[in-house]
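Residue strings, one per chain:
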Amino acid sequence: MSKLQDDFNAIIAKIEERITDEELLNFLKQQIADISMLYINELNKVMDLSERRVNQVVENQRVLEKKQQELEMALNNMEKELFVNEEEYDFEIVCPYCNHEFVSDIGSDVKEVECPECHNAIELDWNQEEECGGHCGSCGGCGHEEEVEEIEVVTDEIEEENQDDDDL
C-alpha cells in the first residue's frame, strides 16, 4: 500500500509544480481525492461482495460436509445390516447341556463356544464339504437327515453323562 501512496503523492507533486493558481490547485486536488474515494468505495464494495460469497461458499461446504458425514454413517449402518462379514456369522445356538438358547457371533475358524448360562463348552462342527439341501428340522436347509440323527445321538449321550454326573 505504501507504493500506491508514494505514486499518489508523486502525481500530486507534479500537479503542484505546474499549477501556480492556488484556488485551481486546491480544486484539482479535491477532485482527484474525490475520484480516488469513488474508486476506493467501489473496490470496498467488490471486496465486501467477494467476502460474502467466500463466506457463503465456506458455509455451504460445512453443510455439505455434515450431510456427507450423515450419509456415510447411514451407508455404514446399511452395510452392517445388509452385508454379512464373510468371517463372522450370527448363530442361534441351543446348549445341549442346559437347553439355554442364545445368539453368538462366531467366525468360521472358531471350534467351540461357551454357553453363557451353564458355561460348558459347546463344540462346533463346520462340516463345510457338504452343502445344505433344506431338509433338517433345525434350519430347514441342509438335507442331511443322518447328521440330524447323529447330533441327536450325541446330544442323548451328553444328557446321559449329565444324568450320571447328577446321580453321583
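A brief look at the structure comes next. (Residues numbered from 1 in each chain as written. Predicted model: local features only at pLDDT ≥ 70, side-chain atom pairs only at ≥ 80, totals over all residues. Heavy atoms only, no water.)

### Describing the overall build of the protein chain
Within the protein chain, the regular secondary structure consists of 3 helices and 4 strands. Along the protein chain, helices (α) and strands (β) appear in the sequence α-α-β-β-β-β-α when read from the amino end. A total of 168 residues make up the protein chain; the buried ones form 12% of that total. Pairs at least 24 residues apart make up 12% of the contacts formed inside the protein chain by residues separated by at least 6 positions. For the protein chain, the accessible surface area stands at approximately 14,500 Å², while carbon and sulfur atoms represent 51% of it. (Helix = DSSP H or I, 4+ residues; strand = E, 2+ residues; numbered from the N terminus. Buried < 20%, exposed > 50% of the residue type's maximum accessible area, 1.4 Å probe, protein only. Contact = heavy atoms within 4.5 Å. Areas by Shrake-Rupley, 256 points an atom, 1.4 Å probe, with all protein chains shown as cover.)

### Some details on the nonpolar core
One finds Ile93, Cys95, Phe102, Ile106, Val113, Cys115, Ile122 and Leu124 forming the largest nonpolar core, which totals 8 residues. Apart from the residues within four sequence positions on either side, Cys95 is in contact with His100, Phe102, Cys115, Cys118 and Ile122. In terms of nonpolar packing, the next biggest core, distinct from the first, is built from 5 residues, Ile12, Ile19, Leu25 and Ile32 among them. (Core = buried A, V, L, I, M, F, W, Y, C linked by side-chain atoms within 4.5 Å.)

### Describing the pattern of salt bridges
Under the definition given, this model contains 4 salt bridges. Two residues, Asp7 and Lys3, come together in a salt bridge whose shortest N-O distance is 3.2 Å. Placement of both Asp7 and Lys3 in helix 1 (residues 2-18) is noted, with a separation of 4 residues, approximately one turn of the helix. In this structure, Arg62 and Glu59 form a salt bridge, with 2.6 Å as the shortest nitrogen-oxygen distance. A residue pair is termed a helical-turn pair when its members lie 3 or 4 positions apart in one helix, as Arg62 and Glu59 do in helix 2 (residues 22-82) at 3 residues. Glu59 gets classed as partly exposed once you look at its relative accessible area, which sits at 33%. (Salt bridge = Lys/Arg side-chain N within 4 Å of Asp/Glu carboxyl O.)

### Digging into unusual backbone geometry
For Asn99, which is not glycine, the phi dihedral falls at a positive 65°. Structurally, the position occupied by Asn99 is in the loop between strand 1 (88-94) and strand 2 (101-107). A positive phi angle, near 65°, is found at His119, a position not held by glycine. Of note, His119 is situated in the loop between strand 3 (112-114) and strand 4 (121-123).

### Some remarks on a negative patch on the surface
Judged by side-chain charge, Glu112, Glu114, Glu123 and Asp125 come together as a negatively charged surface patch. Within the secondary structure layout, Glu112 lies in strand 3. (Patch = residues over 30% accessible without salt bridge, like charges linked within 9 Å, V, L, I, M, F, W, Y side chains within 5 Å. Lys, Arg positive; Asp, Glu negative; His and termini not counted. Charge placed at Lys NZ, Arg CZ, Asp CG, Glu CD.)

### Brief notes about the state of the cysteines
What the rule picks out here adds up to 0 disulfides. In this structure Cys95 is a free cysteine whose sulfur lies 3.6 Å from that of Cys118, the closest cysteine sulfur available. Taking relative accessible area as the criterion, Cys95 reaches 0% and is therefore assigned buried. (Disulfide = S-S within 2.5 Å.)

Everything listed here is a matter of geometry and, on its own, says nothing about what the molecule does.
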